[in-house]
Amino acid sequence: MGIMDFKPLSGKLGVVFGVANKHSIAWAIAQAWHDAGAKLAFTYQGERLKENIEELAGAFGADTLLMPCDVTHDEDLDAVFARLKESFGRLDLLLHSVAFAPREALEGRFLDTSREAFRVAHDVSAYSLVAMARRATPLMTQGGSMVTMTYYGSVKVVPHYNVMGVAKAALEASVRYLAHDLGPKKIRVNAISSGPMNTLAARGISGFTLMLKHYEEHAPLRRNVEPSELGATGVFLASDGAAAVTGQVLYVDCGYEVMGM
Ligand code: 0WE
């Protein structure tokens, strides 16, 4: 038996929110969960992204459950978890890898954030975890693991991250409160704080290439994070190896977060 035959998530049933294309962090973690033996269902946001996900998830078998879901619509979330109950009967893993703030809110001053941009950023990027967790809980009858993605801009000022930083702070606090509520049910809730990644969400952010270069020069490991490394951390958090880990923000950033200058 080879080392790759070790399947820490064998028999686990999971749902993944946030795959847009092959560069998505959600896709990196989904592949790692799949390789570790999990059976996965996926949601996609809008018809625009349906073809992408069909092509990607098709590799996991033609019967892979794919469901449309706008995380700001309660009816969409209700339908997703109803179908998960029908198809899987139970749920063990949930990946939340969803964020959005209106473009203009990520460009100028935080001071100028509109009420609507603030609301949308928090609804999509933070409340959606709570909305998913509440619906997933009754399906996690044997305990479970929920994982979300965050970024250091929640803790320190990263110029232009603006309202997303405030929304990620709300997300990280939500992780702690959910961990408290769900611990008695053996459901763990954690966040991965990733270094910057070259994904669709990062594309077009002015100065993003410079930001990758900055991390490469200043992170203790002197490089950027690989998608497969987020995958491996996702497998750890989902596995029994992390059975005593909940409510945490785990930095997977090549050590950048420890630096004071
Ligand atoms: O969380 C993020 C980005 C999430 C994101 C990206 C976009 C781009 C397109 C949320 N909303 C939008 N809205 C859009 O219209 N990251 C951690 C990546 C990121 O984004 C930044 C960063 C980093 C790092 C924006 C400004 C400064 C740094």
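Below is a short write-up of the structure. This structure is a prediction, so every number in the text was calculated from the model and none was measured.

1. Here we look at the site of the ligand
Taken together, 13 residues form the shell around the ligand, and within it Ala101, Tyr161, Ala201, Ile205 and Met211 come nearest. Here alanine 101 contributes a backbone N or O atom positioned 2.7 Å from a nitrogen atom of the ligand. Within the side chain of tyrosine 161, an N or O atom sits 2.7 Å from an oxygen atom of the ligand. Coverage of the ligand by the protein amounts to 87% of the 600 Å² it exposes when considered alone. Considering only residue class, the shell around the ligand consists of 11 nonpolar, 1 polar and 1 charged.

2. With respect to the packing of aromatic side chains
Under the definition given, this model contains 8 aromatic pairs. For the ring pair phenylalanine 17 and phenylalanine 81, a centre distance of 6.0 Å and an interplane angle of 25° mean the geometry is stacked. Placement of phenylalanine 17 in strand β1 (residues 13-17) and of phenylalanine 81 in helix α3 (residues 74-88) is noted, with a sequence separation of 64 residues between them. Using a relative accessible area of 0% as the deciding quantity, one classes phenylalanine 17 as buried. Since its relative accessible area comes to 5%, phenylalanine 81 is described here as buried. Between tyrosine 152 and tyrosine 251, the aromatic rings sit 6.1 Å apart at their centres with planes inclined by 85°, giving edge-to-face as the arrangement. Separated by 99 residues along the polypeptide, tyrosine 152 in the loop between β5 (144-150) and α5 (162-182) and tyrosine 251 in strand β7 (residues 249-252) bring together distant segments of the chain. Note on tyrosine 152: relative accessible area 12%, which makes it buried. Using a relative accessible area of 25% as the deciding quantity, one classes tyrosine 251 as partly exposed.

3. Things to note about a negative patch on the surface
A cluster of acidic residues, Glu47, Glu51, Glu54 and Glu55, forms a negative patch at the surface. Among the residues examined, glutamate 51 registers a relative accessible area of 64% and is labelled exposed.

4. Section: the sheet that holds strand β6 (residues 187-194)
Sheet architecture is open: 7 strands sit in the order β3-β2-β1-β4-β5-β6-β7, paired in parallel fashion. The open sheet has two edge strands, β3 (66-68) and β7, and neither has a second partner. Averaged over all pairs of adjacent strands, the angle between their axes in this sheet comes to 20°, without regard to strand direction. Strand direction decides the pairing type here: β5 and β6, joined by 7 bridges, are parallel. By the bridge assignment, serine 145 is partnered in β6 with arginine 188. On top of the sheet, α5 reaches β4 (93-96), β5, β6 and β7; it is set at about 170° to β5, its chief contact. Each of β4, β5, β6 and β7 is contacted by helix α7 (residues 227-238), which is oriented at about 165° to β6, the strand it contacts most.

5. Remarks on a nonpolar patch on the surface
Residues Phe110, Phe118 and Val166 make up a contiguous nonpolar surface patch of about 230 Å² in total accessible area. Along the chain, phenylalanine 118 turns up in helix α4 (residues 115-136). Relative accessible area serves as the criterion here: at 35%, phenylalanine 118 is assigned to the partly exposed category.

6. So, helix α6 (residues 208-218)
For α6, the set of buried residues is Phe208, Leu212 and Tyr215. Taken down its axis, α6 places every buried residue within 60° of arc, on the same side. With respect to the buried face of α6, the exposed residues turned more than 90 degrees away are Thr209 and Leu210.

7. Quick look at the pairing of β4
Along β4, one buried face is formed by Leu93 and Leu95 and the opposite face, lined by Leu94 and His96, is buried too. Sheet topology places β1 next to β4; 4 bridges connect them, and they run parallel. Bridging across to β4, valine 16 finds its partner in leucine 95. Of the pairings in the sheet, the one linking β4 to β5 comprises 4 bridges and is parallel in character. When the sheet's bridge partners are listed, leucine 93 is paired in β5 with serine 145. Regarding topology, α4 serves as the crossover connection from β4 to the parallel β5, and that connection is right-handed.

8. A look at the nonpolar core
In this structure, Val16, Trp33, Phe42 and Leu230 are the most contacted members of the largest nonpolar core, which totals 47 residues. Sorting the residues of this core by element identifies α1 (25-35), β2 (39-44), α2 (50-57), β4, α4, β5, α5 and α7 as the ones contributing at least two each. The dominant element in this core, judged by the number of residues it contributes, is α1, at 7 residues. Non-local contacts of valine 16, meaning those with residues more than four positions away in its chain, are made with Ala26, Ala30, Trp33, Leu40, Ala41, Phe42, Thr43 and Leu95. Ranked by size, the runner-up nonpolar core spans 35 residues in total, among them Val80, Leu94, Ala133 and Ala179.

Here is what the cut-offs are and how they apply
- Numbers given to residues run from 1 along each chain, matching the order in which its sequence is written.
- Owing to the predicted nature of the model, reporting of local features is limited to residues with pLDDT of at least 70; listing and counting of side-chain atom pairs is limited to 80 or more, with chain, interface and lining totals taken over all residues.
- Hydrogen atoms and water are omitted, and side-chain values are computed over all heavy atoms in the structure.
- Only heavy atoms are used to decide nearness, and a residue is near a molecule or strand if one of them lies within 4 Å of it.
- Pairs of N or O atoms are called polar contacts if they sit within 3.5 Å, as long as, within protein, a hydrogen donor faces a hydrogen acceptor (for residues adjacent in sequence, only side-chain-to-side-chain pairs).
- Per-residue accessibility takes into account occlusion by the displayed protein chains alone, with areas from the Shrake-Rupley method and a 1.4 Å probe.
- For this scheme, ten residues count as nonpolar: Ala, Val, Leu, Ile, Met, Phe, Trp, Tyr, Cys and Pro. Four count as charged, namely Asp, Glu, Lys and Arg, and the remainder, Gly too, count as polar.
- Only Phe, Tyr and Trp rings are paired, with Trp represented by its six-membered ring, and only when their centres lie within 6.5 Å; those with planes under 30 degrees apart are stacked, over 60 edge-to-face, the remainder tilted.
- Secondary structure elements are taken from DSSP: a helix is a run of H or I of four residues or more, a strand is a run of E of two residues or more, and numbering for both begins at the N terminus.
- Only protein chains enter the accessibility calculation, which uses a 1.4 Å probe; a residue is then buried when its area is under 20% of its type maximum, exposed when over 50%, and partly exposed in between.
- Exposure above 30% relative accessible area and no salt bridge define the residues that can form patches, which grow by joining like charges within 9 Å and nonpolar side chains of Val, Leu, Ile, Met, Phe, Trp and Tyr within 5 Å.
- Counted as salt bridges are all cases of a side-chain nitrogen of Lys or Arg within 4 Å of a carboxyl oxygen of Asp or Glu.
- Counting rule applied: Lys, Arg positive; Asp, Glu negative; His and chain ends not counted.
- For the purpose of locating charges, the reference atoms are NZ of Lys, CZ of Arg, CG of Asp and CD of Glu.
- Only strands joined by at least two bridges in the DSSP assignment are considered to pair.
- Axis geometry follows a simple rule: fit a line to the C-alpha atoms, using only the stretch in contact for helices, then measure angles between N-to-C directions, giving values from 0 to 180 degrees.
- What makes two residues a contact is simply this: any of their non-hydrogen atoms within 4.5 Å.
- In this description, the arc belongs to the directions extending from the helix axis to the C-beta atoms.
- For crossovers, right-handed means that the path from the first strand over the helix to the second runs clockwise, given strands pointing away from the viewer.
- By nonpolar core is meant a set of buried Ala, Val, Leu, Ile, Met, Phe, Trp, Tyr and Cys residues that side-chain atoms within 4.5 Å join together.

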